[in-house]
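Structural overview
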Amino acid sequence: MAFFKYSAVRLGITAAVLVLCLWLGLGWIFSAVAAVVVAFCVSYLFLTKMRNEAAASVQYRFSGKADPIRTKTERSDAEAEDPFQEANPDYRPQAPVRGRDRNTPAE
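Below is a summary of the structure that appears in this document. Bear in mind the structure is a predicted one, so any value in this text is a computation, not a measurement.

1. As for a nonpolar patch on the surface
- Taken together, M1, F3, F4, V58 and F62 make up a surface patch of nonpolar side chains, about 630 Å² in accessible area.
- As for its position among the elements, M1 is in the segment before α1 (2-23).

2. Focus on the environment of A78
- Along the chain, A78 falls in helix α4 (residues 72-87).
- Its relative accessible area of 29% is what places A78 among the partly exposed residues.

3. A short note on the packing of α1 against helix α3 (residues 48-62)
- At a minimum axis distance of 7 Å, the contact between α1 and α3 shows a crossing angle of 140°. Looking at the two axes, α1 sits oblique to α3. Judged by the sense of rotation from one axis to the other, the crossing of α1 with α3 is left-handed. On α3, the residues that touch A2, F3, K5, Y6 and V9 of α1 are M50, R51, E53, A54, S57 and V58.
- Split by residue class, the contact of α1 with α3 holds seven nonpolar, one polar and three charged.

4. Description of the nonpolar core
- Counting residues in each nonpolar core, the largest one holds nine residues, listed as Y6, I13, V17, C21, A34, A35, A39, L47 and A54.
- Those elements giving two or more residues to this core turn out to be α1 and α2 (28-46).
- Looking at this core element by element, the count peaks at four residues for α1.
- Not counting the four nearest positions on each side in its chain, V17 is found in contact with A34, A35 and V38.

What counts and how
Residues numbered from 1 in each chain as written. Predicted model: local features only at pLDDT ≥ 70, side-chain atom pairs only at ≥ 80, totals over all residues. Heavy atoms only, no water. Patch = residues over 30% accessible without salt bridge, like charges linked within 9 Å, V, L, I, M, F, W, Y side chains within 5 Å. Areas by Shrake-Rupley, 256 points an atom, 1.4 Å probe, with all protein chains shown as cover. Salt bridge = Lys/Arg side-chain N within 4 Å of Asp/Glu carboxyl O. Helix = DSSP H or I, 4+ residues; strand = E, 2+ residues; numbered from the N terminus. Buried < 20%, exposed > 50% of the residue type's maximum accessible area, 1.4 Å probe, protein only. Axes fitted to C-alpha atoms, helices over the stretch in contact; angles between N-to-C directions. Parallel < 35°, antiparallel > 145°, perpendicular 65-115°, else oblique. Left-handed = near helix turned anticlockwise from the far one by under 90°. Contact = heavy atoms within 4.5 Å. Nonpolar A, V, L, I, M, F, W, Y, C, P; charged D, E, K, R; others polar. Core = buried A, V, L, I, M, F, W, Y, C linked by side-chain atoms within 4.5 Å.

Structural measurements only, silent on function.
Listed below in structure tokens is the structure:
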């Protein structure tokens, strides 16, 4: 969540500076470049704590320690598959066959 909050604040700063530069009549290209540079400088100088929290949350997500993010469908599939797998420990699913009839032996 910290990553999205930090990104939203930076995007807001960028948008505000872009609107201000356009209002001053500086042109689209110069306004866009100025907005990005000013947003970088402001966030680097004043949003250190928020940036560090965002970096820590991203690091934790990709470290392998975080729980995997699963959709509702994936969770319900796992709930259905787990009892079957426990009742049949020797069963190994086969990969689906594409491009030919399943009953035809492979060549």
